[in-house]
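# Tertiary structure, described
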Amino acid sequence: MPDGGPRRLRDLRLAGLRKTFGDFVAVDDLDLTIPAGSFFALLGPSGCGKTTTLRMVAGLELPTSGQVLLGDEDISTLRPYKRPVNTVFQSYALFPHLTIEDNVAFGLRRRGVKDTKRAVGEMLELVELSGFGRRKPGQLSGGQQQRVAVARALINEPEVLLLDEPLGALDLKLRRQMQLELKSIQDRVGSTFVHVTHDQEEAMTMADTIAVMHSGRVEQLGTPRDLYERPVSRYVANFLGQSNCLDGTVVDRDGADTVVEVHGVRLALPGRHASPGRPQSFGVRPEKAVVLASSATPDAALRNGVPGTVMDVSFTGLSTQYVVRTSWGQELAVFAQNDGADAAAHRGDEVVVAWRPEHAFPLREESPAGASEPAPALATAAP
Amino acid sequence: MIVRTVRAARKHLVLAFGVLVLLYLFLPVFVVVAFSFNDPAGRFNFSWSGFTLDSWRDPCSVPGMCDSVLLSLQIGVIATLVATLLGTLLAFGLVRHSFRGRAGTSLLVFLPMATPEVVMGASLLTLFVNAGVATGFWTIVIAHILFTVSFVVVTVKARLAGFDSRLEEAAMDLYADEWQTFRRITLPLAAPGIFAGALLAFALSFDDFIITNFNSGNTITFPMYVWGAAQRGVPPEVNVIGTGMFLLALLLVGGAEVVRKARTGASTG
Amino acid sequence: MTAVLPREAPPTEPAAEQEAEARAARRRPPWLLLLPGLLWLALFFLVPMLTLASTSLQTGSLQTGYSLTWTWSTYSDAWSTYGDQLVRSFLYAGSATVLALLIGYPLAYAIAFKAGRWRNLMLVLVIAPFFTSFLIRTLAWKIVLADQGWVVGALQWIGLLGENGRLLATPAAVVLGLTYNFLPFMVLPLYASLEKIDPRLLEAATDLYATPARAFWAVTWPLSIPGVVAGTLLTFIPAAGDYVNVQFLGNPGSQMIGNVIQSRFLTVLDYPVAAALSITVMLTVLVLVLSYVRRVGAKELL
């Protein structure tokens, strides 16, 4: 346990971490290194194993196999009260029968610190709750309770602070405010923050690095920009924002590009991918595509284009959203930023959806076990 | 207009009925309190003859009554302490752990509540008779512990069921080991339930007649005294005790509510 | 370089083993917690039931001592001699239960749905009268239902009672007393059940054109059944074995089985018959509980 000496920060490493509940595999051989001092997010929908992973780091669950390491120290089987790790719980878990002061000072007192008044005062100031010390949790609003929970954990100067969807119960405006506050606190304090959430916008706002989890495994790891611009699978592409996904077959190599034919349309995908004859999927973000009239002269840069009919035009304030149906029945989405110009097309218009090849990203073929949508080649007879 | 009045009447009809029922529940209590001030003409305190404070001034002037009250208190305290301990342990065991025999254990705990007092009292008597144990103070205590344990378990279980296990996890996350977590978090939060269970046990024990009747031998508890007095003539002093019990209990319930509000700082129940 | 904490004894087991151990430990009953209470229950509840059963099959007397002779005829004798009282007990208890349901349900409903912020107060008021001694309260009814009292007077004036009609020392008084004494046992489970009902269900029903009466029967009543069952059992069972109400408010002709058991045990000292009757009551009650529970499900009661 930290004794208040020089702050030591070690990388948090999960090695082959696995957790099963009976037949159910919650966490499936997780390998992850979370750099010391970073703000790290575990992103995924409910049931993907992120909370279980967090609990194993906190010591509230024992791994079925694998290890949790701080630097070189194996803490996998240490009791929670022996780990330099603190948690901010989703439901805050404030002790209802203790005052705010006593709640915040709880960890310090258990470690034998006698005079907690100053530390508590500083901490309450950090979360902007000075003067609330004598009150009870039941008298505080959700946002205030959340800040007490953060204070209660941070005061112990843990090496790793775990946050289990702490902002879930707050309304939108408060949530945004808290996101920025937490980020600035992490800057100041310097501990490693591991934030578990299902809200992709939250993860992208706050974290330096994000791990997208799916069925107990890490699907992709990277910075918010990496994950958004270069998702490796349909799952990641659709979890972070929206994406058009096109499935085709490789027909040719064109210099540095691969040519993929999708229902008769030839489209260029930068880089070398599958060999000719093999299936290849790729994606394009709606905001990267534009809607052009069929008759317009194609722009040299917008080399990829798919013809279709406009099915819907929606004005959302920030953008105009088009839904274009292709000849093979797929609906593509295009978001045109609201720069003051009129709508480029109207319902029923024949248009071309075009994009620059470098904006497309290849998607790997989904394996049966991890697929969120079945890959076309593996479609089995529907019941 | 008519619909509105009908609807209003209907809305308040149920509530009015409810209040009537409450009055009905309180009717005997009013009578008891009123007749504690009665100056009975004969031995039987059944018709009003005159107002007096004599019974209140010196309730123990009636031979044997205050002794019986004291005895009931003694039995109540001992039985409550033991039953609360046993019951709380059982409740923790049943709620916090899932083990194979849990349903069966729950059933066994529940059975005494489903058994008519006559049967329980009678069966205990046969036990004592067959074992050659003379009935008296301690057999009463044993009997009282028996039938109050179940109620303690149910009360504490109800309190524990609403318990947020995250609180104990949070405590351990904040460097409290198992014992400290229990002492500083679990116990204080379970305490109201335990206290309620103890209160219930005491009330049941103090007021018990039927089971006590079977197992008391020559020991006279307060209810036994009243039973005997019913034949001979119930003095108003008995009403004084009854009223006193009522007021004391009200005080305790009110006090418990005040304490609860102070602890959690909550404004509604 | 990263400093490593000195390894402290005990050496850490592989996580898998420790986890499997923890899981096995959860399956084992927590003996330390359960044993004291269970022992007490076993010794002073289960064993006495056995001794009661055994006593019912014994013969002898206090002077000559009792011996287990497996005399089953004791049961048939007891039933034939005291069959009336047995039936009467269940009749009185049944009537009291029905009355308690009729009176108690609206009260529970009022507290659950109509009371608003008076809810807690009303609940306390339901229980409060029972802080006075059970016997004293029942004696108070003797005063209220007295021949010269205003209740009898009012009933005579309406015409429900004849000129010389009385309430005391009649079955009516006994049933009234039983109903009164066990009313909270009916109201509280009913309230607990009603309180859980989401008022939005009723709103949905009225939104779908249901009249208040229809909404009640279609939504509220079915959802309150567990409370009705619990309340009925908690009222009927003690009422069936009661003898205090008869003693104070009834007459020798309205004896219930409780009176018989009490006198056989404590006055006449005819243990085998008394025990046989007790077992009969117990078994009847058990059958009743089990059949009720089967219809509703045991979870609610436990």
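What counts, and where the lines are drawn
Residues numbered from 1 in each chain as written. Chains lettered and ligands numbered in written order. Predicted model: local features only at pLDDT ≥ 70, side-chain atom pairs only at ≥ 80, totals over all residues. Heavy atoms only, no water. Helix = DSSP H or I, 4+ residues; strand = E, 2+ residues; numbered from the N terminus. Buried < 20%, exposed > 50% of the residue type's maximum accessible area, 1.4 Å probe, protein only. Contact = heavy atoms within 4.5 Å. Pairing = 2+ DSSP bridges. Axes fitted to C-alpha atoms, helices over the stretch in contact; angles between N-to-C directions. Salt bridge = Lys/Arg side-chain N within 4 Å of Asp/Glu carboxyl O. Buried area = accessible area lost by both parts, 1.4 Å probe. Nonpolar A, V, L, I, M, F, W, Y, C, P; charged D, E, K, R; others polar. Patch = residues over 30% accessible without salt bridge, like charges linked within 9 Å, V, L, I, M, F, W, Y side chains within 5 Å. Areas by Shrake-Rupley, 256 points an atom, 1.4 Å probe, with all protein chains shown as cover. 1 Å grid on protein atoms, 1.4 Å probe; cavity = no way out; pocket = protein on both sides within 12 Å on 5 of 7 lines; lining within 4 Å. Points joined across faces, edges and corners; volume = space filled by probe spheres on them.

### Details of the environment of leucine 170 of chain A
All names here are of chain A. Of note, leucine 170 is situated in the loop between β7 (160-164) and α5 (172-189). Assessed through its relative accessible area of 5%, leucine 170 is described here as buried. The spatial distance from the C-alpha of leucine 170 to the C-alpha of aspartate 199 is 13 Å, given a sequence separation of 29 residues. In contact with leucine 170, not counting residues within four places along its chain, are Tyr92, Gly142, Gly143, Gln146, Arg175 and Met178.

### Side note on the sheet that holds strand β17 (residues 319-326) of chain A
Residues and elements named next belong to chain A. Ordered in space as β15-β19-β16-β17-β18, the five strands form an open sheet in which the pairing is antiparallel. The strands lining the two open edges of the sheet, one partner per strand, are β15 (290-293) and β18 (331-337). Each strand axis lies, on average, 45° off the axis of its neighbour in the sheet, ignoring direction. Sheet analysis places β17 next to β18, joined by seven bridges and oriented antiparallel. Residue pairing in the sheet places tyrosine 322 in a bridge with valine 334 of β18.

### Quick word on the pattern of salt bridges
Scanning the model with the defined rule gives 29 salt bridges over all chains in all. Glutamate 287 of chain A is the salt-bridge partner of lysine 288 of chain A, the closest N and O atoms lying 3.5 Å from each other. Residue glutamate 331 of chain A is joined to arginine 325 of chain A by a salt bridge in which the shortest nitrogen-to-oxygen separation is 3.3 Å. Relative accessible area serves as the criterion here: at 42%, glutamate 331 of chain A is assigned to the partly exposed category. Connected through shared salt-bridge partners, Lys19, Arg55 and Glu61 of chain A together with Arg166 and Glu169 of chain B make up one network.

### A look at the interface of chain C and chain B
Of the residues lining the interface, 76 residues belong to chain C; the matching set on chain B comes to 77 residues. For the pairing of chain C and chain B, the buried interface totals around 7,200 Å² over both sides, and the portion due to carbon and sulfur atoms is 82%. Here chain C is connected to chain B by one salt bridge. Among the salt bridges present, the one from arginine 137 of chain C reaches aspartate 207 of chain B, with a minimum N-O distance of 3.8 Å. Here the side of chain C that touches chain B takes 17 residues from helix α2 (residues 31-56) of chain C, the largest share from any one element. Here the residues of the side of chain C that touches chain B sort into 57 nonpolar, twelve polar and seven charged.

### Quick notes on a nonpolar patch on the surface
Residue and element names in this part refer to chain B. A grouping of Val19, Leu20, Leu23 and Phe30 is seen on the molecular surface, where their side chains present a nonpolar patch of about 380 Å² in accessible area. Positionally, phenylalanine 30 belongs in helix α1 (residues 2-35). Overall, the relative accessible area of 47% leaves phenylalanine 30 in the partly exposed class.

### Thoughts on empty space enclosed by the protein
Applying the stated criterion across every chain, the model contains three cavities of 30 Å³ or more. Looking at the largest cavity, its volume works out to about 100 Å³. Val31, Val32, Asn45, Phe46, Val234, Val238 and Asn239 of chain B together with Ile136, Leu139, Ala140 and Ile143 of chain C together form the lining of the largest cavity. Breaking the lining of the largest cavity down by element, the ones donating at least two residues are α1 and α11 (236-264) of chain B together with α5 (134-144) of chain C. When residues of the lining of the largest cavity are assigned to their parent elements, the largest contribution, four residues, is made by α5 of chain C. Class assignment for the residues of the lining of the largest cavity results in nine nonpolar, two polar and no charged. Taken as a whole, the second largest cavity spans an internal volume of roughly 40 Å³.

### Here we look at the sheet that holds strand β4 (residues 65-70) of chain A
All names here are of chain A. Read across the open sheet, the four strands follow the order β2-β1-β4-β5; overall the sheet is antiparallel. The sheet is open, and its two borders are formed by β2 (24-34) and β5 (73-74), each paired with just one other strand. Against the sheet, helix α1 (residues 50-58) makes contact with β1 (12-21), β2 and β4, and its axis sits at roughly 115° relative to β1, the strand it touches most.

### Re the pairing of strand β16 (residues 304-315) of chain A
Residue and element names in this part refer to chain A. Alignment of β16 against strand β19 (residues 350-355), held across six bridges, turns out to be antiparallel. When the bridges of β19 are listed, valine 306 appears paired with valine 353. Sheet topology places β16 next to β17; seven bridges connect them, and they run antiparallel. Following the sheet pairing, serine 314 is matched in β17 by glutamine 321. Between the end of β16 and the start of β17, which pair antiparallel, lie three residues, with glycine 317 showing a positive phi angle near 95°.

By themselves, these figures tell us nothing about what the structure is for.
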